[in-house]
Amino acid sequence: MKTNLIQRLFLLSLLTGLLAVNSCTSKEKKNCVNVTQTDSTMLCVGYYWTEAEGKEFLEKQRREYTTAEDWKRRAEKIRNQILKGTGLEKFPEKCPLNPIFGDKRTYEGYQVQNVAFESLPGVYVTGSLYTPANAAKNLPGILNTHGHWAELDDYGRYRPDAQKRFAAMARMGAMVFAYDMVGYGQLAREHGWIHKHPEALKLQLWNSIRSIDFLLSIGADPERIAITGASGGGTQAFLLTAVDDRIAVSVPVVQVSAHFFGGCVCESGMQIHKTDNFQTNNVEIAACAAPRPMLVVSDGDDWTKNTPSVEYPHLQYIYGLFGKFQVVENAHLPADKHGYDYNKRVAVYPFLAKHLGLDVTKAVNPDGSLNEQNIVIEDIEALYPFDEKRPFPAHGIKTNDAVIWNSN
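Residues numbered from 1 in each chain as written. Predicted model: local features only at pLDDT ≥ 70, side-chain atom pairs only at ≥ 80, totals over all residues. Heavy atoms only, no water.

### Details of helix α10 (residues 311–321)
Moving on, step 1. Every buried residue belonging to α10 is among E311, Y312, H314, L315, Y317, I318 and Y319, and all of these are buried.
Moving on, step 2. Contacts made by the buried residues of α10 are with α2 (51–62), α3 (68–85), α9 (282–287), β10 (294–299) and β11 (328–333).
Moving on, step 3. Where α10 terminates, the next one or two residues include G323, which has phi positive at roughly 70°. (Buried < 20%, exposed > 50% of the residue type's maximum accessible area, 1.4 Å probe, protein only. Helix = DSSP H or I, 4+ residues; strand = E, 2+ residues; numbered from the N terminus. Contact = heavy atoms within 4.5 Å.)

Now the structure itself:
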């Protein structure tokens with residue numbers, strides 16, 4: 001596919017640092033950045049293609065795989081490029097997680113416990129674990145990722161709508177781990193971690209891989225691990241699902257697009273989409289989930305507005321190659337805007353319940369409305385894992401540049 005004049009100017013702007021195109025709403029802009037790399041021509045950033053070009057690419061690709069075996073070979077190439085492009089072609093040695101657990105807070109139907117664990121020696125993933133109030137063994141696990149936000153009072157996993165989502169999923173019977181992106185939360189506020197870092201994509205993907213390890217280490221059912229997130233969190237969801245088959249169910253929200261590639265350094269700042277002899281897009285990456293169940297949520301106000309006519313039919317085609325077209329679904333909300341708001345949650349809970357064996361009646365009323373009553377919205381600081389009782393470890397790494405990657 002030829003690069004037109006606008007695209008050439010866009011690539012030039014990456015080199016000069018004069019333009020920033022990102023996957024953020026107006027509130028989110030401050031935390032997304034220009035993507036710089038030595039060979040920026042191999043980066044597919046933001047609106048890299050027009051809508052017509054994205055559609056044309058999928059139509060061309062559809063002719064390249066006509067059997068399940070064809071797609072398996074294609075999916076393997078996509079996975080390999082994601083890992084190679086992020087520098088994870090050879091995994092670093094998995095260090096002990098050494099989790100640090102906070103005190104449990106018990107609310108109506110669920111509990112919350114702050115957690116930090118090491119994804120690499122001294123590199124801490126911070127988040128909160130939500131579980132049912134009367135937790136049984138072998139619960140399904142759901143990873144929850146978040147997108148880009150700048151204001152600390154309206155921010156990532158701490159947002160009221162996010163806390164409602166985690167608590168509702170726990171009430172349904174899941175073990176829910178909501179974790180911070182690189183350079184967010186307590187490590188950003190109190191130490192030197194930043195999101196605007198050239199290796200943010202690499203570390204975020206590795207943190208997600210280790211987050212599966214964490215859920216399994218505390219007893220989650222290895223056959224029922226899911227992931228969901230919106231916007232940049234949607235990118236994290238489909239990237240992890242593409243490279244780690246331990247994810248059984250995926251729900252990327254408002255991010256799977258044929259023409260938009262994600263504009264933050266954590267989404268398209270490394271060479272995962274393109275080489276001299278290879279090209280993919282986020283629809284194909286999301287399709288690497290096949291034949292595992294996937295719900296794609298889209299809306300009418302962003303780069304997912306064409307999903308019912310462009311992206312979703314392509315996903316159905318790939319799932320159909322496995323005879324599994326019924327396990328991929330699209331919830332399209334044409335009047336909705338970008339986010340993981342009420343209507344998105346109405347669509348997501350029943351899908352997760354169906355494929356993970358959860359009790360949807362604990363989160364959705366008989367009339368289809370959400371039952372989110374008596375969910376307690378906690379202060380941001382209450383969700384931080386490090387405090388006077390559990391201080392940040394002395395060996396903990398306080399800046400991105402101090403991370404040491406030791407590959408096997």
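The rest of the description comes next.
### Notes on the layout of surface pockets
Moving on, step 1. By volume, the second largest pocket amounts to about 220 Å³.
Moving on, step 2. What lines the second largest pocket is a set of 16 residues, among which W149, R159, D161, G339 and Y340 lie closest to the centre.
Moving on, step 3. Per-element accounting of the lining of the second largest pocket gives the leading share, three residues, to helix α4 (residues 160–171).
Moving on, step 4. Looking at the lining of the second largest pocket, its residues break down into four nonpolar, seven polar and five charged. (1 Å grid on protein atoms, 1.4 Å probe; cavity = no way out; pocket = protein on both sides within 12 Å on 5 of 7 lines; lining within 4 Å. Points joined across faces, edges and corners; volume = space filled by probe spheres on them. Nonpolar A, V, L, I, M, F, W, Y, C, P; charged D, E, K, R; others polar.)

### Regarding the environment of F261
Moving on, step 1. On the secondary structure map, F261 appears in the loop between β7 (249–253) and α8 (265–268).
Moving on, step 2. Considered as a pair, F261 and W303 are 42 residues apart in the sequence and their alpha carbons are 9.5 Å apart.
Moving on, step 3. Leave out the neighbours within four places in its chain, and F261 touches C44, V45, G46, Y48, W49, E267, S268, H273, Q279, T280, N281 and N282.

### Digging into the packing of helix α6 (residues 200–217) against helix α7 (residues 232–243)
Moving on, step 1. With their axes 10 Å apart at the nearest point, α6 and α7 run at an angle of 65° to one another. With respect to α7, the element α6 is oriented roughly perpendicular. Considering how the two elements wind past one another, α6 and α7 form a crossing that is right-handed. Contact with α6, carried on its side by L201, Q204, L205, S208, I209 and I212, involves Q236, L239, L240 and V243 of α7 and no other residues of that element.
Moving on, step 2. Taken together, the residues of the contact of α6 with α7 break down into seven nonpolar, three polar and no charged. (Axes fitted to C-alpha atoms, helices over the stretch in contact; angles between N-to-C directions. Parallel < 35°, antiparallel > 145°, perpendicular 65-115°, else oblique. Left-handed = near helix turned anticlockwise from the far one by under 90°.)

### Regarding the sheet that holds β11
Moving on, step 1. Taken together, the nine strands give an open sheet; going across it, the order is β1-β2-β3-β5-β4-β6-β7-β10-β11, and neighbouring strands pair in mixed fashion. What marks the edges here is a single partner per strand, and that holds for β1 (100–107) and β11. Neighbouring strand axes in the sheet, compared pairwise and without regard to direction, differ in orientation by 20° on average.
Moving on, step 2. Judged from the ten bridges that link them, strand β2 (residues 110–120) and strand β3 (residues 123–132) form a sheet pairing that is antiparallel. The residue of β3 that forms the bridge with V112 is Y130.
Moving on, step 3. Packed on one face of the sheet, α7 meets β4 (141–144), β6 (225–230) and β7 and runs near 150° to β6.
Moving on, step 4. Its contacts with the sheet place α10 against β10 and β11, and it is angled at close to 170° to β11. (Pairing = 2+ DSSP bridges.)

### Remarks on empty space enclosed by the protein
Moving on, step 1. Following the criterion strictly, the structure yields three cavities of 30 Å³ or more and no others.
Moving on, step 2. Estimated volume of the largest cavity: approximately 90 Å³.
Moving on, step 3. Together, 13 residues line the largest cavity, and Y124, M181, V182, L187 and N207 are the ones closest to its centre.
Moving on, step 4. Secondary-structure elements contributing two or more residues to the lining of the largest cavity are β3 and α6.
Moving on, step 5. Computed from the structure, the second largest cavity encloses a volume of approximately 60 Å³.
Moving on, step 6. Lining the second largest cavity, in full, are V182, W193, H197, E199, A200, L203, N400, V403 and W405.

### Brief notes about the pairing of β4
Moving on, step 1. Burial along β4 is two-sided: the face carrying G141 and L143 and the face carrying I142 and N144 are both buried.
Moving on, step 2. Direction of pairing for β4 relative to strand β5 (residues 175–179): parallel, over a ladder of four bridges. Residue pairing in the sheet places G141 in a bridge with M175 of β5.
Moving on, step 3. When β4 meets β6, the two strands line up parallel, connected through four bridges. Bridge pairing links G141 to I225 in β6.

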